[in-house]
Amino acid sequence: SLRKYNLPFPEAIFDLEYYTTVNAQPFVDLSSNLLPGQIDGPRPTITHAFLKVLQDRGILRRVYTQNIDGLEVFAGVNSDKLVECHGDFRSASCTKCRTKADIEGCMQTMLNKQIPTCGECGGLVKPDIVFFGEDLPNRFERFVDDDT
């Protein structure tokens, strides 16, 4: 339940302006439950395994997903076959200077319920998932016309 975060609106937890200027802690707390690869975290389903089978048989052109959990990769689907429209938890960047951050350090900081910060400028770091107020990844624009 998002009520415990006392958000002004539910989407604020994924809102870039809220994260950077009001309170990043709700996202950090929620993320510790969403991070893939954790013992109690999300796991690939039979559908993810099916995508891997299609890939292995050479008939998977590309998978477009709005999910941010990266479970397709955990199931063995090559990232070159994916367009993760809302980003993923496999990389992180500073919200201020856009410097790439160490994802392992970012994840560990978040698992410790702390807000990751940039070593270059001190800005807030977040996984490279698309928040409200951000554009879709360039990869989406690059492939969508050819794939439809």
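This write-up is about the structure you can find in this document.

Here is what the cut-offs are and how they apply
- Residues numbered from 1 in each chain as written.
- Predicted model: local features only at pLDDT ≥ 70, side-chain atom pairs only at ≥ 80, totals over all residues.
- Heavy atoms only, no water.
- Phe/Tyr/Trp six-rings, centres within 6.5 Å; stacked < 30°, edge-to-face > 60°.
- Helix = DSSP H or I, 4+ residues; strand = E, 2+ residues; numbered from the N terminus.
- Buried < 20%, exposed > 50% of the residue type's maximum accessible area, 1.4 Å probe, protein only.
- Lys NZ or Arg CZ within 6 Å of the ring centre and 35° of its normal.
- 1 Å grid on protein atoms, 1.4 Å probe; cavity = no way out; pocket = protein on both sides within 12 Å on 5 of 7 lines; lining within 4 Å.
- Points joined across faces, edges and corners; volume = space filled by probe spheres on them.
- Nonpolar A, V, L, I, M, F, W, Y, C, P; charged D, E, K, R; others polar.
- Pairing = 2+ DSSP bridges.

So, about the packing of aromatic side chains. Working definition: an aromatic ring pair is given by the centre-to-centre distance plus the angle between the planes. Evaluated as defined, the whole model comprises 6 aromatic pairs. Seen in terms of ring centroids, F14 and F131 are 6.0 Å apart; in terms of plane orientation they differ by 90°. Their pairing is edge-to-face. Remark: F131 occurs in the loop between β5 (125–129) and α6 (138–147) and F14 occurs in the segment before α1 (16–22); sequence separation between them is 117 residues. Of the residues examined, F14 reaches a relative accessible area of 22% and is grouped as partly exposed. Ring geometry for Y19 versus F131: centroids 5.5 Å apart, planes at 85°, classification edge-to-face. Here F131 lies in the loop between β5 and α6 and Y19 lies in helix α1, a separation of 112 residues in the sequence. Judged on exposure class, the residue Y19 and its partner F131 are both buried. Feature note: the residues F14, Y19, F27 and F131 constitute an aromatic cluster, connected by ring pairs. Positioned over the ring face of F131 is K126, at 4.5 Å from the centre of the ring.

The subject of this paragraph is the layout of surface pockets. Reported here for the largest pocket is a volume of approximately 240 Å³. Together, 16 residues line the largest pocket, and S93, R98, K100, D128 and I129 are the ones closest to its centre. Residue contributions to the lining of the largest pocket peak at 5 residues, all from strand β3 (residues 87–94). Of the residues in the lining of the largest pocket, the class split is 5 nonpolar, 4 polar and 7 charged. Approximately 200 Å³ is the volume attributed to the second largest pocket. Residue lining of the second largest pocket: 14 residues in total, with P36, F74, F89, E104 and M107 positioned closest to the centre. Mapped by element, the contributors of at least two residues to the lining of the second largest pocket are β3 and α5 (103–111). In terms of residue count, the dominant contributor to the lining of the second largest pocket is α5 (5 residues).

The 3 strands are arranged β4-β3-β5 in an open sheet whose pairing can be described as antiparallel. The strands lining the two open edges of the sheet, one partner per strand, are β4 (100–101) and β5. Two strands pair when backbone bridges link them, and β3 and β4 are joined in this way by 2 bridges, in the antiparallel orientation. Directly across from S93, in β4, lies its bridge partner K100.

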